[in-house]
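Coordinates in review
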Amino acid sequence: MSTPNGFPQHSRVCLTRSMEGGAVQDLQAKKAGKAAKKEAGGDGAPPKIGTPISETFKLPEDLKANIKMKSITPRPPRKPRLERAASLDEKSWRKWRRFRTSQESLTDPNETSSSNGSLQEASPSPPSRGRASPCNPCGQQESLHSSPDALEASPGGKSRGGASDLGKRASEISSAFGGLLRGKGFAGGKPRLSQIMPARPLPPMELNVASHSLRTANRIDSDCLDYRLYSQHKFGRVSSSLSDSRLQGNGTLCDSCSTDSMKSTFSVLTPIRAKDVRSRSYLEGSLLASGALMGAEELSRYFPNRSMGIFVATWNMQGQKELPVNLDDFLLPTDPDFAQDMYVIGVQEGCPDRREWEIRLQETLGPHYVLLHSAAHGVLYMSVFIRRDLIWFCSEVEYATVTTRIVSQIKTKGALGISFTFFGTSFLFITSHFTSGDSKVNERKLDYNKTIQALTLPKNVPDTNPYRSSSSDVTTRFDEVFWFGDFNFRLNKDRETVDSILNQNPSTDVSKLLVYDQLTSEMSRGSIFKGFQEADIHFRPSYKFDIGKDSYDTTSKQRTPSYTDRVVFRSRYKDDIQAVKYSSCPVIKTSDHRPVFALFRVKVRPGRDNIPLAAGLFDRDLYLIGIRRRATRELLRLREQKDQRSSSICSIS
């Protein structure tokens, strides 16, 4: 259907039609009216009442020739237009468009809406109810703000609005839609802030000797990753009220029934499905099986970086009955922030009451540790403590002894070895007391050779790598070996020279003394401790002190101070053992020897479940006695503090 002018009917709704034609037509009509008034009244008098309308609006002849008059057909009033209710998204989008249009009218439309890009517009605009007009070359849509009256066209296809206003409106709409086409839209009418990045790179993390398992026990089992969906369906909303926000976003899942168990920062008990319990035998499994107790999944859950902390110490107690009042400085040094995963303490010439010594160790370490195994060979003692939540990943513990004296009944010199497998890594700990004497270096070499040949380990626990083992050397049959004790190697120098070096140099600079060390010299030649290493020494000689004093031997024998107490280590694989700290404990003065300890980070590998397991076995009686003593000691301390506060001093004048 076409108009009398020949334009299509749908051109009336075109957004970009010109309005100049309508304005010109209105101007011509006004001029014609004025001319008719002049001809009718001459002086501009109003027409008389009753005059026909055809006579009132008489046009000049020249205007009649130029203007084509058309008949006006009366039409009934239009029906009100019914609009669909806009959704919330459309309303918000409309608000944004009005805001955008007002902003672009004040600023350059080519500039971005934010100087730093903090507001990111990402969602496209909602679809418009208008459609593109064929007469619009740019394909622009009809404005949602335009009312029906404003969009209605004249019979000639021209708009009734001003040309300048419509041009501004068209430029604003085109710039707004251009921004949308470039991908700048708000998501639901809400601006989103961009991610805040640090101004400079973060500093690298320092090496920490702390137990990483304390901070990684909250990692959930990978076969329970769908527990969140199950808990949402079963219990409703998943609770996220944790005592530490660091637990969120690190693979930790919880439900409303287990919120209380997640209050701890260090450990979280992960949920286990019934079908998983049915499928896990805990007796046999492959290295990478999902249900293996000693497999890679369990190892990664407790040790994500596959390394654990081990404390190794040696002390010649000189057979003293008196034990130190406090062992905290010995077992729990202040330098590392966290305690270690495993504690191994070897004693030579131990106290007569071995049980009392072990109780004191348990009392000092507290309820977080249990005694995995202890053994003795005469006055040689060794105790292995481990964190109680790691007891399930140990194999059966085996031990063996060697006597190096000619008379085997005298068990003051010899060696004691304890071995077991933790996950898939086998460990061997040996404590020894070699022959004493300044010049008996060869006898000490013989003690070493006899120990590595006669120590019959392992027994029932299989070797993790039999292809790299030797039947003539026990240290080759284990992945990680720690050998510590009173090796009795001395300094090949007289007492006066050693004293002068100690007086001239600070306690941490002992390089001049180590030049005369017998053990360092023999290890460099390869005649003893083949394949072993020792951490750098930065402490004063641990032998020989006057009991209860910090002075070296002041008796008539005037023994030369020496590094008799040592800790050495070796590994099947390169860089598996990393020494973190190597020092002595000078505050314990009940013996002529000072305790020597070392801290290590040791790499752990996954294993198989088909080995003899310890099944959580530990010394329960020792555990209860040690914890009871610890509680009693704390109660006594609190009572003493209370008595001191309540007591008063009276003065008589």
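Because the structure is predicted, anything quoted here is derived from the model rather than measured. (Residues numbered from 1 in each chain as written. Predicted model: local features only at pLDDT ≥ 70, side-chain atom pairs only at ≥ 80, totals over all residues. Heavy atoms only, no water.)

Looking now at the overall build of the protein. For the protein, the count of helices and strands is 17 helices and 13 strands. By the burial criterion, 42% of the 653 residues in the protein qualify as buried. Partitioning the intrachain contacts of the protein with sequence separation of at least 6 by distance along the chain shows that 73% fall at a separation of at least 24. When the accessible surface of the protein is split by element, carbon and sulfur atoms take 53% of a total near 37600 Å². (Helix = DSSP H or I, 4+ residues; strand = E, 2+ residues; numbered from the N terminus. Buried < 20%, exposed > 50% of the residue type's maximum accessible area, 1.4 Å probe, protein only. Contact = heavy atoms within 4.5 Å. Areas by Shrake-Rupley, 256 points an atom, 1.4 Å probe, with all protein chains shown as cover.)

Moving on: the pattern of salt bridges. Note on pairing: side chains with opposite charge can pair once their charged atoms come close. Per the counting criterion, the structure on display carries 22 salt bridges. The partner of arginine 354 in a salt bridge is glutamate 358, with the nearest N and O atoms 3.1 Å apart. In this pair, arginine 354 and glutamate 358 both sit in helix H12 (residues 354-365), four residues apart, roughly one turn of the helix. The partly exposed category is assigned to arginine 354, whose relative accessible area is 27%. For arginine 355, the salt bridge identified is with aspartate 619, shortest N-O distance 2.9 Å. Placement of the pair is arginine 355 in helix H12 and aspartate 619 in the loop between strand E13 (596-603) and helix H17 (620-646), with a sequence separation of 264 residues. With a relative accessible area of 33%, arginine 355 lands in the partly exposed category. (Salt bridge = Lys/Arg side-chain N within 4 Å of Asp/Glu carboxyl O.)

Take the packing of aromatic side chains next. Going through the model one piece at a time under the given rule, you end up with 30 aromatic pairs. Taking the centre distance of 6.5 Å and the plane angle of 25° together, the rings of phenylalanine 434 and phenylalanine 529 count as stacked. With phenylalanine 434 in the loop between strand E9 (425-433) and helix H13 (441-454) and phenylalanine 529 in the loop between helix H16 (518-525) and strand E11 (565-571), this residue pair connects regions lying 95 residues apart in the sequence. The two residues phenylalanine 434 and phenylalanine 529 agree in class, both being buried. Chaining the aromatic ring pairs together yields one cluster made of Phe311, Trp315, Phe330, Tyr343, Trp357, Tyr369 and Phe597. Its guanidinium or amino end placed over the ring of phenylalanine 532, arginine 570 lies 5.8 Å from that ring's centre, counting from NZ or CZ. Sitting over the face of the ring of tyrosine 573, arginine 605 holds its NZ or CZ atom 4.1 Å from the ring centroid. (Phe/Tyr/Trp six-rings, centres within 6.5 Å; stacked < 30°, edge-to-face > 60°. Lys NZ or Arg CZ within 6 Å of the ring centre and 35° of its normal.)

The next subject is the sheet that holds E11. Strand order in this open sheet of five strands is E7-E8-E9-E10-E11, and the pairing throughout is mixed. The strands lining the two open edges of the sheet, one partner per strand, are strand E7 (398-403) and E11. For this sheet, the mean angle separating the axes of adjacent strands, direction not counted, is 15°. Note that E7 and strand E8 (residues 414-422) share six bridges and pair antiparallel. Residue pairing across strands places glutamate 398 opposite serine 419, the latter belonging to E8. (Pairing = 2+ DSSP bridges. Axes fitted to C-alpha atoms, helices over the stretch in contact; angles between N-to-C directions.)

Across the protein, the average pLDDT comes to 74, with 58% of residues at or above 70. This model gives residues 214-225 a pLDDT under 50, and the stretch forms 43 contacts once residues within four places in sequence are excluded. In the predicted structure, residues 234-267 sits below a pLDDT of 50 and forms 53 contacts with residues beyond four places in sequence or in another chain. (pLDDT = per-residue confidence, 0-100.)

Now for H12. Compared with the 16 Å implied by 1.5 Å per residue over twelve residues, the 17 Å span of H12 between its first and last C-alpha is a close match. Extensive coverage of H12 is indicated by the burial of nine of its twelve residues. Those residues of H12 that sit buried are Trp357, Glu358, Ile359, Arg360, Leu361, Gln362, Glu363, Thr364 and Leu365. In the core, the buried residues of H12 are packed alongside strand E3 (307-316), helix H11 (328-331), strand E4 (342-348), strand E5 (369-377), strand E6 (380-387) and H17. By the N-cap criterion, in which a side-chain oxygen at the helix start approaches the backbone nitrogen of a residue two or three places on, H12 is capped by aspartate 353, the distance to arginine 355 being 3.4 Å. Of the residues one or two after H12, glycine 366 is the one with positive phi, at around 85°. (Expected span 1.5 Å × (residues − 1). Polar contact = N/O pair within 3.5 Å; in protein donor to acceptor, adjacent residues only side chain to side chain.)

Before going further, it helps to examine the pairing of strand E10 (residues 480-486). Across the seven residues of E10, seven count as buried, placing the element largely inside the fold. Alignment of E9 against E10, held across seven bridges, turns out to be parallel. Following the sheet pairing, phenylalanine 429 is matched in E10 by phenylalanine 482. What joins E9 to E10 is H13, and the crossover it makes is right-handed. (Right-handed = clockwise from strand over helix to strand, strands pointing away.)

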